[in-house]
Amino acid sequence: MIDALIYDMGNVLVRWDPHALALAGSEDPADASVLEKALFASPDWIKGDLGLFGPEEMFAAARLRVPARLEPALRALCFQWPDWLEPLPGAADFVARANKRGLKGYLLSNASRRFPQALARCFPAFSLLDGWVVSAHEGVVKPDIRIYRRLLERYDLDPRRCFFIDDVPANLEGARRAGMDGWLFDGDFSALERALLDRGVSLEVN
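Quantities reported herein were computed from a predicted structural model and do not represent experimental measurements.

Caption draft 1: Representation of the packing of helix H4 (residues 55–62) against helix H5 (residues 71–80) within the structure. Running from N to C, H4 and H5 cross one another at 150°; their axes reach a closest spacing of 9 Å. For the crossing formed where H4 meets H5, the hand is right-handed. Between H4 and H5, the contacting residues are Pro55, Glu56, Met58, Phe59 and Ala62 on the first element and Glu71, Leu74, Arg75, Cys78 and Phe79 on the second.

Caption draft 2: Inspection of the pairing of strand S4 (residues 162–166) at higher detail. With respect to burial, S4 is a largely interior element, five of its five residues being buried. Burial along S4 is two-sided: the face carrying Cys162, Phe164 and Asp166 and the face carrying Phe163 and Ile165 are both buried. Where strand S1 (residues 4–7) meets S4, four bridges bridge the pair, whose relative direction is parallel. Within S4, the position partnered with Ala4 by the bridge is Cys162. Examined bridge by bridge, S4 and strand S5 (residues 181–184) share four bridges and lie parallel to one another. Considered in S5, the bridge of Phe163 is made with Asp181.

Caption draft 3: Region of the structure containing empty space enclosed by the protein. Counted by the stated rule, this structure contains one cavity of 30 Å³ or more. If you add up the space inside the largest cavity, you get close to 40 Å³. Residue lining of the largest cavity: Leu5, Tyr7, Val95, Ala98, Asn99, Leu103, Lys104, Gly105, Leu128 and Leu129, and that is the complete set. Broken down by secondary-structure element, the contributors of at least two residues to the lining of the largest cavity are S1, helix H6 (91–100) and strand S2 (104–109). In terms of residue count, the dominant contributor to the lining of the largest cavity is H6 (three residues). Residues that form the lining of the largest cavity fall into these classes: seven nonpolar, two polar and one charged.

Caption draft 4: Looking closely at the nonpolar core. Residues Leu5, Tyr7, Leu39, Trp81, Phe115, Leu119 and Phe123 are the most contacted members of the largest nonpolar core, which totals 52 residues. Val140, Leu152, Leu157 and Cys162 belong to the second largest nonpolar core, which has 18 residues in total.

Caption draft 5: A look at the pairing of S1. On S1, burial covers both faces: Ala4 and Ile6 on one face and Leu5 and Tyr7 on the other are all buried. In this structure, S1 lies alongside S2, joined through four bridges in parallel fashion. Residue pairing in the sheet places Leu5 in a bridge with Gly105 of S2.

Caption draft 6: How the structure looks around the pattern of salt bridges. If you walk through the whole model with that rule in mind, you get 18 salt bridges. Arg97 is paired through a salt bridge with Glu193; the nearest N and O atoms lie 2.8 Å apart. With Arg97 in helix H6 and Glu193 in helix H11 (residues 189–198), this residue pair connects regions lying 96 residues apart in the sequence. Glu138 is the salt-bridge partner of Arg154, the closest N and O atoms lying 2.7 Å from each other.

Cut-offs used in this document
Residues numbered from 1 in each chain as written. Predicted model: local features only at pLDDT ≥ 70, side-chain atom pairs only at ≥ 80, totals over all residues. Heavy atoms only, no water. Axes fitted to C-alpha atoms, helices over the stretch in contact; angles between N-to-C directions. Helix = DSSP H or I, 4+ residues; strand = E, 2+ residues; numbered from the N terminus. Left-handed = near helix turned anticlockwise from the far one by under 90°. Contact = heavy atoms within 4.5 Å. Buried < 20%, exposed > 50% of the residue type's maximum accessible area, 1.4 Å probe, protein only. Pairing = 2+ DSSP bridges. 1 Å grid on protein atoms, 1.4 Å probe; cavity = no way out; pocket = protein on both sides within 12 Å on 5 of 7 lines; lining within 4 Å. Points joined across faces, edges and corners; volume = space filled by probe spheres on them. Nonpolar A, V, L, I, M, F, W, Y, C, P; charged D, E, K, R; others polar. Core = buried A, V, L, I, M, F, W, Y, C linked by side-chain atoms within 4.5 Å. Salt bridge = Lys/Arg side-chain N within 4 Å of Asp/Glu carboxyl O.

Below is the structure:
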């Protein structure tokens, strides 16, 4: 029986759209594309997820890839983008209903050291979760099996009773290697709820 849900963050709890974030830093579409490529699509991005780069280091690396006139916009983007995240429609309601049903909830995300605090600010239902593991605090990223095992060990979870929700196939496969069932999420919470129902878990509260 499933008694714990493991949530990815981007495109599961919050909307993850690098281009939209870049547009928030520059209203010019061409400039936004330059900023997006320099920051979010750069080979240095993984260093943030591993906890090796903070916003200052990320800016120092990314500024080499933009014209000087875009450096102020790039700095703002590097330091402020976590504050521009928005909840994915339906996510807060789903987490709240799962919580009322008595299911434990945990965050397992590839993200920088600014998380989960930044997530708590933009996603109030974060307070309903029972724990979290974020890659930058661990020095290891999904789909490395070690990060799944750290979550399981830290919170004394039985992988056979966990259900992992992520939008990246490789991450889902990593969870399965760690012994967890899961669901490749595409934004459809109704389909996710049906998948849980197929496994004997209803979110309806009597």
